[in-house]
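# Analysis of the macromolecular model
Below, each chain spelled out in residue letters.
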Amino acid sequence: MKILSVDTGTKQYPIYIDSCFDALPPAFEKAGISDRKVCIVTDSNVSPLYAQGIKELLKNVCKDISICVFPAGENSKNLETISGFYKFFIDEHLDRKSVLIALGGGVVGDMCGFAAATYMRGIPFVQIPTTLLSQVDSSVGGKTGVDFMGNKNMIGAFYQPELVFINTDTLNTLPYREVAAGLAESVKHGYIQDVDYLRFFSENKEAVKKLDPEAIAQVVYGSCKIKANVVSQDEKETGLREILNFGHTFGHAIESLSGFDMLHGECVAVGMIAALYLSMKRGAVSQDDVADAKELMAYFGLPIFVENFRADDIYAQMFRDKKAKNGVINITALKAMGSAYTEKNCSEKEIKDAINYIIRG
Ligand SMILES: NC(=O)c1ccc[n+]([C@@H]2O[C@H](COP(=O)([O-])OP(=O)(O)OC[C@H]3O[C@@H](n4cnc5c(N)ncnc54)[C@H](O)[C@@H]3O)[C@@H](O)[C@H]2O)c1
Ligand SMILES: [Zn+2]
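Residues numbered from 1 in each chain as written. Chains lettered and ligands numbered in written order. Predicted model: local features only at pLDDT ≥ 70, side-chain atom pairs only at ≥ 80, totals over all residues.

Here the focus is unusual backbone geometry. Positive phi values are uncommon outside glycine, yet H93 reaches one of about 60°. Residue position: H93 is located in the loop between α3 (79-91) and β5 (99-104). Residue H93 is classed as exposed on the basis of its C-beta count, with 10 C-beta atoms lying within 10 Å. Positive phi is not limited to glycine here, since L211 has a value of about 55°. Here L211 lies in the loop between α8 (205-209) and α9 (213-233). (Helix = DSSP H or I, 4+ residues; strand = E, 2+ residues; numbered from the N terminus. Buried ≥ 20, exposed ≤ 12 C-beta atoms within 10 Å, placed from the backbone.)

In structure tokens:
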């Protein structure tokens, strides 16, 4: 087992990375949240796989444990589902000391975290992420929320968990397409902060793709370390944290235009190719770097171009992103491999050239 620490200045919490759940009860005790009422919040896919097992494990260290299940998928990520949670919590007599557990992917984590931030003005919660995307990205950093009127993550709060417990063995039940989407976010961490981590991917891509336990433990550890480091320095995204948006300005636009048919990680993958191309045109990275990135993404089964999109539509959509400030698109670009920054002065031509680079057909 490996343990990392997130320290935002206002809150410090551990991230446990293991290949089983055995160390979960002592983790609760160590965090000072044992002997309390617990509610496991999970979705309809994850519940039959892991909820009962977690309940059994925790029953000796926690009081009555209930399980609140909602229909899996991004379509559930709304205030109606949150209302259902509040009703469930009230029926179960959860109080300020009770603990919520987010058991599942990013949808569960973001919603359970938001419910924890708002129920009775805030109660403790624990993240048990079960998708690769949530293990390497969404469970760390305290962003919580729901979609609203077609806008992703429009309503939310920064709210940190008491602990994050990652059991990489849960990835064995995850469909490969979801694994690949998580790999896009983890590779991203290499591009923005750590060339050694990036090299690990290209040197171990077969082992990573087939979820070899050692390789995947390294991936999760490496990503959590980078993300924990970034969010520890900039909890509320006022500066440094923006580098985590590498590939996302292009990616979000594609995600919206695809009507959410493409997975978030898939959009980030192709968005990173556009951002790498833009960085290459500025002389910050080489043509080989772009070619290597395309080869790696393609090996993982991630898209490296999109079909049936118009460059003008993607460009216009980028301005609608909630992160476009005062009509300016901030693009996270690379200074060099393993080093990202926010570029506020990209010309329309530069951005459109990068978009055209990832469009086919
Ligand atoms: N808070 C953040 O910082 C942050 C960062 C990135 C993404 N997100 C959010 O995360 C969400 C996407 O997360 P996601 O990709 O984990 O999606 P998800 O939670 O919908 O999970 C994907 C699918 O996998 C299933 N699943 C989960 N774990 C499983 C397992 N172990 N075995 C089998 N099936 C399993 C789920 O039921 C679902 O059908 C989006 O809503 C996005 O906005 C948040
Ligand atoms: Zn992302």
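Turning to the nonpolar core, a few remarks are in order. Across soluble globular proteins, you tend to see nonpolar side chains buried next to one another. Within the largest apolar cluster, 111 residues are counted, with the highest numbers of intra-cluster contacts made by V41, L100, I101, L103, A115 and A274. Both of domain 1 (2-173) and domain 2 (196-360) provide at least three residues apiece to this core. Those residues in contact with A115, other than ones at most four positions away along the chain, are V41, I82, F85, Y86 and L100. (Core = buried A, V, L, I, M, F, W, Y, C linked by C-beta atoms within 7 Å. Domains from an automatic or database assignment. Contact = placed C-beta atoms within 7 Å.)

For a regular strand, the rule is simple: side chains alternate between the two faces of the sheet. The element strand β7 (residues 143-148) is extensively covered by neighbouring structure, given that 5 of its 6 residues are classed as buried. Pairing analysis gives 5 bridges linking β7 to strand β8 (residues 151-158), with the strands arranged antiparallel. Pairing of K143 across the sheet is with F158, part of β8. Linking β7 to β8, which pair antiparallel, is a turn of 2 residues; within it M149 sits at a positive phi near 50°. (Pairing = 2+ DSSP bridges.)

All right, on to the site of ligand 1 then. In the vicinity of ligand 1, 30 residues are found, and the nearest of them are N45, G105, G106, T131 and S138. For the shell around ligand 1, the secondary-structure elements that each account for two or more residues are α4 (106-118), α5 (132-138), β8 and α6 (176-193). Per-class residue counts for the shell around ligand 1 are 8 nonpolar, 14 polar and 8 charged. (Near = placed C-beta within 6 Å. Nonpolar A, V, L, I, M, F, W, Y, C, P; charged D, E, K, R; others polar.)

In a pair of packed helices, the angle between the axes and the distance between the axes together describe the arrangement. Interaxial distance between α6 and α9 falls to 9 Å at its minimum, and their mutual angle equals 50°. Between α6 and α9, the crossing angle belongs to the class labelled oblique. Of the two elements, α6 crosses α9, and the hand of that crossing is left-handed. In this structure, α6 contributes S186, H189 and Q193 to the contact, and α9 contributes V219, G222, S223, I226 and K227. Per-class residue counts for the contact of α6 with α9 are 2 nonpolar, 5 polar and 1 charged. (Axes fitted to C-alpha atoms, helices over the stretch in contact; angles between N-to-C directions. Parallel < 35°, antiparallel > 145°, perpendicular 65-115°, else oblique. Left-handed = near helix turned anticlockwise from the far one by under 90°.)

What follows is about the packing of helix α10 (residues 248-257) against helix α11 (residues 264-281). Two numbers describe how α10 lies on α11: the axes approach to 7 Å, and their chain directions differ by 135°. Between α10 and α11, the angle is such that the two are oblique. For the crossing formed where α10 meets α11, the hand is right-handed. Contacts between α10 and α11 involve H248, F250, G251, I254 and E255 from the former and H264, C267, V268, V270, G271, A274 and A275 from the latter. Class assignment of the residues belonging to the contact of α10 with α11 gives a composition of 7 nonpolar, 4 polar and 1 charged.

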